[in-house]
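Each chain, written out:
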Amino acid sequence: MDRIAQLIAAMTLEEKIGQLTMASGGYAVTGPEVSADVSGDVRAGRVGALLNLWGAEAVRAIQRTAVAESRLGIPLLIGLDVLHGHRIIFPIPLGEACAFDPELWAATARAAAAEAARDGVSMVFAPMLDVARDPRWGRISEGAGEDPFVVGEFARAKVRGFQGEDLALPDAVAATAKHFCAYGAALAGRDYASADVSERTLREVYLPPFAAAIEAGCAAVMPAFMDLSGIPMTAHHALLRGWLRGERGFEGVIVSDYNAIAELLRHGVAENLCEAAALALAAGVDIDMMSDGFRNGLPLALAEGRVSMEDINAGVRRVLTLKQRLGLFDDAFRRKGGGDGREPAKAAAVSARELARAAAQRSIVVLTNDGVLPLPAGLGKIAVIGPLADARREMDGPWAMAADRDDCVTILEGLKGALPGTEIVFAEGVAIDGEEESGIAAALEICRGADVVLLCLGEAAAMSGEAASRAGLGLPGRQEALAWAAFSLGKPVVALLSSGRPLTLPWLFERASAAVATWFLGTEAGNAIADVLTGRFNPVGRLPVTWPRAVGQIPIFYAARPSGRPFDPIDPYTSKYLDCSVEPQFYFGHGLSYGRFALSNLAALQQCVGFDDVIRLSVDVVNEGSIEGEATVFCFARDVVASVVRPVLELKRFAKIALGAGERDVLDFAFPAAELSFPGLDLQPRFEPGAFEFSVGFTADPKELMTIRLLAVAGI
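Small disclaimer: the values here were computed from a predicted structure and weren't measured.

Peer 1: Lay out the overall build of the protein chain in plain terms, naming residues and giving numbers.
Peer 2: On a plain count of helices and strands, the protein chain comes out with 20 helices and 28 strands. For 716 residues, the compact-globule estimate of 2.2 N^0.38 gives 27 Å, and the protein chain sits close to it at 26 Å. Each of the three principal axes of the protein chain carries a C-alpha extent, and together these read 75 × 65 × 50 Å. The buried share among the 716 residues of the protein chain stands at 61%. For the protein chain, contacts bridging at least 24 residues in sequence account for 77% of all contacts bridging at least 6. Each charge class in the protein chain was averaged separately, 66 positive and 89 negative side chains, and the resulting centres sit 2 Å apart.

Peer 1: How would you summarise the packing of helix 1 (residues 3-10) against helix 14 (residues 309-325) if you had to cite specific residues and measurements?
Peer 2: Put simply, helix 1 and helix 14 touch, their axes get as near as 10 Å, and they point 135° apart. One finds that helix 1 runs oblique with respect to helix 14. Every pair of crossing elements has a handedness; the one defined by helix 1 and helix 14 is right-handed. Across from R3, I4, A5, L7 and I8 in helix 1, the residues of helix 14 making contact are N313, V316, R317, L320, T321 and Q324. Each residue belonging to the contact of helix 1 with helix 14 can be placed in one class, and the counts come to six nonpolar, three polar and two charged.

Peer 1: Residue-level account of unusual backbone geometry, with values.
Peer 2: Here K178 and H179 are connected by a cis peptide whose omega angle stands at -5°. As for its placement among the helices and strands, H179 is situated in strand 7 (residues 174-180). In this model, F180 is joined to C181 through a cis peptide bond whose omega is -15°. In the Ramachandran plot, L683 falls in the positive-phi region, its phi being about 70° despite a non-glycine side chain. Tracing the chain through its elements places L683 in the loop between strand 25 (678-679) and strand 26 (685-686). A residue is classified by how much of its surface remains accessible, and L683, at 22% relative accessible area, is partly exposed.

Peer 1: Give me the lowdown on the packing of aromatic side chains, citing residues and values where you can.
Peer 2: Enumeration over the complete set of coordinates arrives at 24 aromatic pairs. With a centroid separation of 6.0 Å and an interplanar angle of 75°, the aromatic rings of F149 and F654 are classed as edge-to-face. Of this pair, F149 sits in helix 7 (residues 148-163) while F654 sits in strand 23 (residues 650-659), placing them 505 residues apart in sequence. The class for F654 is buried, based on a relative accessible area of 13%. Taken together, a centroid distance of 5.4 Å and an interplanar angle of 20° make the contact between W484 and W507 stacked. Separated by 23 residues along the polypeptide, W484 in helix 18 (residues 479-487) and W507 in helix 19 (residues 506-511) bring together distant segments of the chain. When its relative accessible area of 35% is taken as the criterion, W484 is described as partly exposed. On the basis of relative accessible area, W507 is assigned to the buried category, the value being 14%. Counting every residue linked through ring pairs, the aromatic cluster contains F100, W105, F149, F154, Y558, F588, F634, F636 and F654. The ring of F557 carries the charged tip of R133 above its face, separated from the ring centre by 4.0 Å. The residue whose ring lies beneath K178 is W399, and the NZ or CZ to ring-centre distance is 5.6 Å.

Peer 1: Residues and numbers for the sheet that holds strand 28 (residues 706-712), please.
Peer 2: Pairing is mixed across the open sheet formed by five strands, whose spatial order is 20-28-27-22-23. For this open sheet the edge positions go to strand 20 (608-609) and strand 23, each flanked by a neighbour on one side alone. With six bridges joining them, strand 22 (residues 629-639) and strand 27 (residues 690-697) adopt antiparallel strand pairing. Residue pairing in the sheet places A637 in a bridge with F694 of strand 27.

Peer 1: So what about the environment of G184? Which residues, and what values?
Peer 2: Considering the arrangement of structural elements, one finds G184 in the loop between strand 7 and helix 8 (199-206). Since its relative accessible area comes to 6%, G184 is described here as buried. Filtering out sequence-adjacent residues up to four positions away, G184 remains in contact with D130, V131 and W137.

Peer 1: Give a detailed account of the environment of P398, specifying residues and quantitative values.
Peer 2: Within the secondary structure layout, P398 lies in the loop between strand 14 (381-385) and helix 16 (411-418). Put simply, P398 and T534 are 136 residues apart on the chain and 28 Å apart in space, counted from C-alpha to C-alpha.

Peer 1: Can you explain the nonpolar core? Please cite residues and give values.
Peer 2: Residues F180, F294 and L508 are the most contacted members of the largest nonpolar core, which totals 169 residues. The residues contacting F180, other than those within four sequence positions of it, are L207, F210, V221, M222, P223, A224, M233, L239, L240, W243 and L244. In this structure, A360, A389, V516 and Y594 belong to the second largest nonpolar core, which totals 40 residues.

Peer 1: Lay out the pattern of salt bridges in plain terms, naming residues and giving numbers.
Peer 2: The tally for this structure, following the rule as stated, stands at 48 salt bridges. For E204, the salt bridge identified is with R561, shortest N-O distance 3.7 Å. Taken together, the residues span a long stretch of sequence, with E204 in helix 8 and R561 in the loop between helix 20 (525-533) and strand 19 (597-604) at a distance of 357 residues. For R561, a relative accessible area of 41% corresponds to the partly exposed category. Two residues, R448 and E445, come together in a salt bridge whose shortest N-O distance is 3.4 Å. Of the residues examined, R448 reaches a relative accessible area of 45% and is grouped as partly exposed. By sharing partners, the salt bridges in this structure join E14, D41, R46, D292 and R295 into a single network.

Peer 1: So, helix 14: which residues are in play, and what are the values?
Peer 2: A rise of 1.5 Å per residue sets the reference length of helix 14, with its 17 residues, at 24 Å; its end C-alpha atoms lie 24 Å apart and thus fit the reference within 8%. For helix 14, every residue scored as buried is listed here: I312, G315, V316, R318, V319, L320, L322 and K323.

Peer 1: Let's hear about the pairing of strand 28: which residues, and what values?
Peer 2: The pairing of strand 20 with strand 28 spans two bridges and is classified as parallel. Across the sheet, C608 pairs through a bridge with L711, a residue of strand 28. Note: strand 27 against strand 28, seven bridges, orientation antiparallel. Looking across to strand 28, one finds that F692 is bridged to L710.

Peer 1: Give a detailed account of the sheet that holds strand 4 (residues 49-51), specifying residues and quantitative values.
Peer 2: Spatial ordering of the open sheet is given by 11-8-7-6-5-4-1-12, a layout of eight strands whose pairing is parallel. Of all strands in the sheet, those with a lone pairing partner are strand 11 (253-254) and strand 12 (288-289), marking the two edges. Pairing analysis gives three bridges linking strand 4 to strand 5 (residues 77-80), with the strands arranged parallel. Paired with L50 across the bridge in strand 5 is I78.

Peer 1: Quick rundown of the side chain of S695? Include the residues and the values.
Peer 2: Note on placement: S695 falls in strand 27. Side-chain polar atoms of S695 contact the side chain of T707, separated by 2.7 Å. Residues in contact with S695, not counting those within four places in the same chain, are F634, C635, F636, L649, L705, M706 and T707.

Peer 1: Describe the environment of M401, naming the residues involved and giving the relevant values.
Peer 2: By the secondary structure assignment, M401 is in the loop between strand 14 and helix 16. Overall, M401 belongs to the partly exposed group, its relative accessible area being 28%. Sequence-wise, M401 and I89 are 312 residues apart; in three dimensions their C-alpha atoms are separated by 9.8 Å. Not counting the four nearest positions on each side in its chain, M401 is found in contact with N52, W54, L80 and D81.

Calculation notes
Residues numbered from 1 in each chain as written. Predicted model: local features only at pLDDT ≥ 70, side-chain atom pairs only at ≥ 80, totals over all residues. Heavy atoms only, no water. Helix = DSSP H or I, 4+ residues; strand = E, 2+ residues; numbered from the N terminus. Rg over C-alpha atoms; globule rule 2.2 N^0.38 Å. Buried < 20%, exposed > 50% of the residue type's maximum accessible area, 1.4 Å probe, protein only. Contact = heavy atoms within 4.5 Å. Lys, Arg positive; Asp, Glu negative; His and termini not counted. Charge placed at Lys NZ, Arg CZ, Asp CG, Glu CD. Axes fitted to C-alpha atoms, helices over the stretch in contact; angles between N-to-C directions. Parallel < 35°, antiparallel > 145°, perpendicular 65-115°, else oblique. Left-handed = near helix turned anticlockwise from the far one by under 90°. Nonpolar A, V, L, I, M, F, W, Y, C, P; charged D, E, K, R; others polar. Phe/Tyr/Trp six-rings, centres within 6.5 Å; stacked < 30°, edge-to-face > 60°. Lys NZ or Arg CZ within 6 Å of the ring centre and 35° of its normal. Pairing = 2+ DSSP bridges. Core = buried A, V, L, I, M, F, W, Y, C linked by side-chain atoms within 4.5 Å. Salt bridge = Lys/Arg side-chain N within 4 Å of Asp/Glu carboxyl O. Expected span 1.5 Å × (residues − 1). Polar contact = N/O pair within 3.5 Å; in protein donor to acceptor, adjacent residues only side chain to side chain.

Laid out in structure tokens, this is it:
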């Protein structure tokens with residue numbers, strides 16, 4: 001009998017349910033702490049996992065209680081939300097996705113994992129893999145955007161980064177893919193609201209990123225809060241046991257979201273905690289986070305025959321297996337600061353900070369530019385105005401639980417550091433939110449003698465993330481009034497937008513000399529922004545989402561299905577708006593650099609492909625600019641005629657290429673022809689012979705794509 005079997009055989013029912021229970025470690029103003037009640041539960045074996053606890057000393061103390069004072073000495077899982085960094089904060093995932101760089105995505109997760117592990121954390125509630133096509137939803141900031149292929153690549157990179165080569169290593173943490181699934185389709189963009197999507201859309205859009213995470217070896221999965229077409233995900237037997245465990249073979253841990261089991265009562269599918277606990281366990285949930293549903297409901301559910309001891313034992317085995325994989329049974333204290341012969345914490349922090357600056361540089365997207373950027377050398381005076389210019393505690397964005405928010409570099413600080421010989425003056429003008437306008441006059445006054453105005457606008461960090469949906473996507477408070485006042489001076493104005501989502505500001509994009517999406521870039525925000533504005537770093541960021549020009553266009557994404565009456569400006573009976581263009585403000589993939597690239601000579605190695613073949617395409621890329629730069633090129637496919645209406649474009653690959661001024665090279669794309677399959681009429685994968693169009697370009701704007709046609713055939 002192995003160790004886990006021996007432990008299960010020795011456990012009481014209370015101890016088994018304890019392994020399926022996650023409680024909060026608590027948090028005081030001075031730092032994390034564990035309450036006496038939680039310590040008592042750990043000692044009695046009634047809790048097997050804690051969340052919201054970090055710090056080597058605090059974790060060591062409670063682990064000592066678990067292994068030295070509980071009857072069976074089983075160590076704890078310590079979980080924490082580490083969405084985009086731990087102590088050092090990297091750009092929000094939506095921003096980092098703009099880099100289209102899986103190696104960078106993995107590197108920031110690796111650095112975050114090492115920091116979190118030094119703080120005693122063994123499990124992170126990341127990556128967030130919800131495809132999001134509605135920027136009203138605050139949690140769009142936590143993921144990699146609108147495209148399932150991009151989010152899938154993000155999933156693979158993050159799992160690899162968090163978990164490393166071996167979960168037992170002291171700098172590895174268990175990754176938790178969340179929120180399974182279709183959470184990004186919440187009704188009207190309201191967090192926690194119901195999602196109602198077709199089985200086809202589920203399989204084509206929302207499930208693939210989780211399949212990618214499972215293929216990458218993700219240790220845990222977290223179901224979403226909401227119901228999917230009437231079935232709460234916490235109790236969704238068909239998706240948790242059927243698709244996740246059955247179809248995809250997932251053998252890891254399923255952990256509920258915060259209080260989600262108890263919330264089955266509010267969903268109206270359970271009358272009491274006994275029913276809720278039975279539904280969740282039957283669906284496949286292994287760990288109850290913070291609802292006490294398992295603790296208070298499973299004993300009665302077992303007595304009434306609603307659940308079996310075999311189901312409870314199976315959940316316990318999965319939890320203990322994860323603890324064993326993490327090496328906790330061999331050394332519960334291996335995830336701690338210092339003394340383990342690895343990179344010292346101080347040196348690691350310096351390295352992480354350098355990585356944070358590089359990640360932030362690559363996350364910045366220049367949206368418009370009439371030539372004012374990069375800022376020319378020799379400027380006499382720059383006016384920096386707006387509520388985000390010196391907003392240190394906003395730079396991290398949401399989900400920076402263990403970070404020192406006073407450690408961030410502000411935009412103002414970054415500029416002063418980058419331009420020591422330039423006079424830089426600052427006035428806030430208005431607050432991020434609120435109706436006060438009295439500071440606008442002072443802000444205008446400092447702008448009058450400036451050569452250029454940097455207008456720092458956007459959202460507060462708390463306006464993005466969980467429970468942070470917005471019905472309107474304009475600028476909060478009186479920021480628009482400040483912007484109009486700045487434009488009235490006739491000076492060059494560069495608008496810097498700090499936000500966790502695209503903002504609908506067509507008037508600003510029309511009038512600003514340049515507009516830059518700076519998202520929430522984290523610890524090194526100000527330095528990275530200054531690097532891009534001054535030209536020290538040639539921007540490479542590209543949008544992983546379609547940027548709407550009006551809220552009425554939402555949801556908006558490039559991979560829509562074609563209409564039988566596509567938009568035609570001369571035909572009134574086609575798909576359009578009466579009061580707004582059908583085109584977005586910026587297409588998926590949009591982003592400017594300080595150079596100029598061009599594509600030519602798109603070619604295919606073969607003209608006919610079969611299911612077992614590899615499609616190979618090539619395209620020439622030339623840097624027509626005067627400085628070195630980096631281009632991001634997208635490869636799309638379209639099934640011209642199929643048994644089911646297919647999207648106008650589907651992303652198959654993306655690639656980056658760095659070229660010197662005037663340099664030319666060939667970029668190759670290769671992928672299995674089997675990836676042209678899609679869910680057929682019976683929702684089973686289907687490869688249909690026929691014509692396919694393959695397009696390459698710098699964005700998903702159909703007017704800017706180069707296209708060739710290949711024939712897919714059976715049996716070659």
